[in-house]
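# Structural characterization, general
Residues per chain are reported as follows:
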Amino acid sequence: MTSLDPAALAQTIDHTLLAADASREQIATLCAEAREHGFYSVCVNSSQVPFAAQRLAGSAVKVCAVVGFPLGAGLSAAKASETTLTIAAGAQEVDMVLNIGWLKDGLYTDVRDDIAAVLKACGKVPLKVILETCLLDEAQKVRACEICRELGVAFVKTSTGFSRSGATLEDVALMRRVVGPDIGVKASGGVRDVATAKAMIEAGATRLGTSSGIAIVTGSHAGTGY
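Residues numbered from 1 in each chain as written. Predicted model: local features only at pLDDT ≥ 70, side-chain atom pairs only at ≥ 80, totals over all residues. Heavy atoms only, no water.

### As for the pairing of strand 4 (residues 93-97)
- Burial of strand 4 is extensive: five of the five residues sit out of reach of the surface.
- The side-chain alternation of strand 4 yields two buried faces, one formed by Glu 93, Asp 95 and Val 97 and the other by Val 94 and Met 96.
- In the sheet, strand 3 (residues 62-67) pairs with strand 4 via four bridges, with the strands oriented parallel. Along strand 4, the bridge assignment pairs Ala 65 with Val 94.
- Two elements, strand 4 and strand 5 (residues 127-130), share four bridges in a ladder whose sense is parallel. Across the sheet, Met 96 pairs through a bridge with Val 129, a residue of strand 5. (Buried < 20%, exposed > 50% of the residue type's maximum accessible area, 1.4 Å probe, protein only. Helix = DSSP H or I, 4+ residues; strand = E, 2+ residues; numbered from the N terminus. Pairing = 2+ DSSP bridges.)

The following block contains the structure:
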C-alpha cells in the first residue's frame, strides 16, 4: 500500500460537488474545505465556476469544471463553446465527457474530432477526458485511451459518477497501461475512503475525483456520494 501522507494525498484530490441541486452555500463550503485541507482543486458544474473562482481567489486551490456533463452526447461545438466560456469564467482545468455512443458505434474519427474540438478550446488549460468506463467493453476503453494519448490530453478519467458504477482498480490499471507514463489517470466515482484512494493510486491513478476528500485525508468515515 502506498505511503502517501495526508498532505500529499490531498494534492491528488479534486474535491467534487456536481449535484444538480448544489446550492451556493454548499459550493462555498466546498471551497472552504478545499482551502483548509489543501486539496488540488474543486470540481464543479460550469455555472458554478464564477462563484467558486471568487471564493478561491488568492489560494492555491484550482477550479475544475465539467463540460458536456454527464452524458457527453451534445454537439461538439456546444462542448467547445462551454469550454471557452467556462475558462473565461475562471476554470483552470476542464473535465469533458466524450461521446460514448459514437465510441460504442466505432465512430472513432468523430470521437477524436469531438475531443480535439474541446482540446483546442482549452488552449493551455489541462483537459481530462471522461470515458464512462462502466458503459464500455475492454476494447472500447483501450481505443478511447489510444485516441486521448494520440491527441495529448492531460488526463483520462474513469467516470462521471452518475452512471451505473464508478472507478475500478482494473480500469485504472488498464488506462495507465494504454496511455503510458506521461498522461494522468483520474479515478472518480466510488472513491470514499483512504484504503480505496491509495489502492487507486497504486493501480496508476494520479488524481482522484471524490466528494469524500475529507474522510480520505483524515481517515474518518464517509457516506455515499461521488
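### Quick notes on the packing of aromatic side chains
- In total, this model carries one aromatic pair according to the counting rule given.
- Both rings, one in Phe 69 and one in Phe 162, keep their centres 5.3 Å apart while their planes meet at 85°; by these two values the pair is edge-to-face. Separated by 93 residues along the polypeptide, Phe 69 in the loop between strand 3 and helix 4 (76-88) and Phe 162 in the loop between strand 6 (155-157) and helix 8 (169-179) bring together distant segments of the chain.
- Over the ring of Tyr 108 we find Arg 143; its NZ or CZ atom is 5.3 Å from the centre of that ring.
- One residue, Arg 207, lies across the ring of Tyr 40, its end atom 4.0 Å from the ring centre. (Phe/Tyr/Trp six-rings, centres within 6.5 Å; stacked < 30°, edge-to-face > 60°. Lys NZ or Arg CZ within 6 Å of the ring centre and 35° of its normal.)

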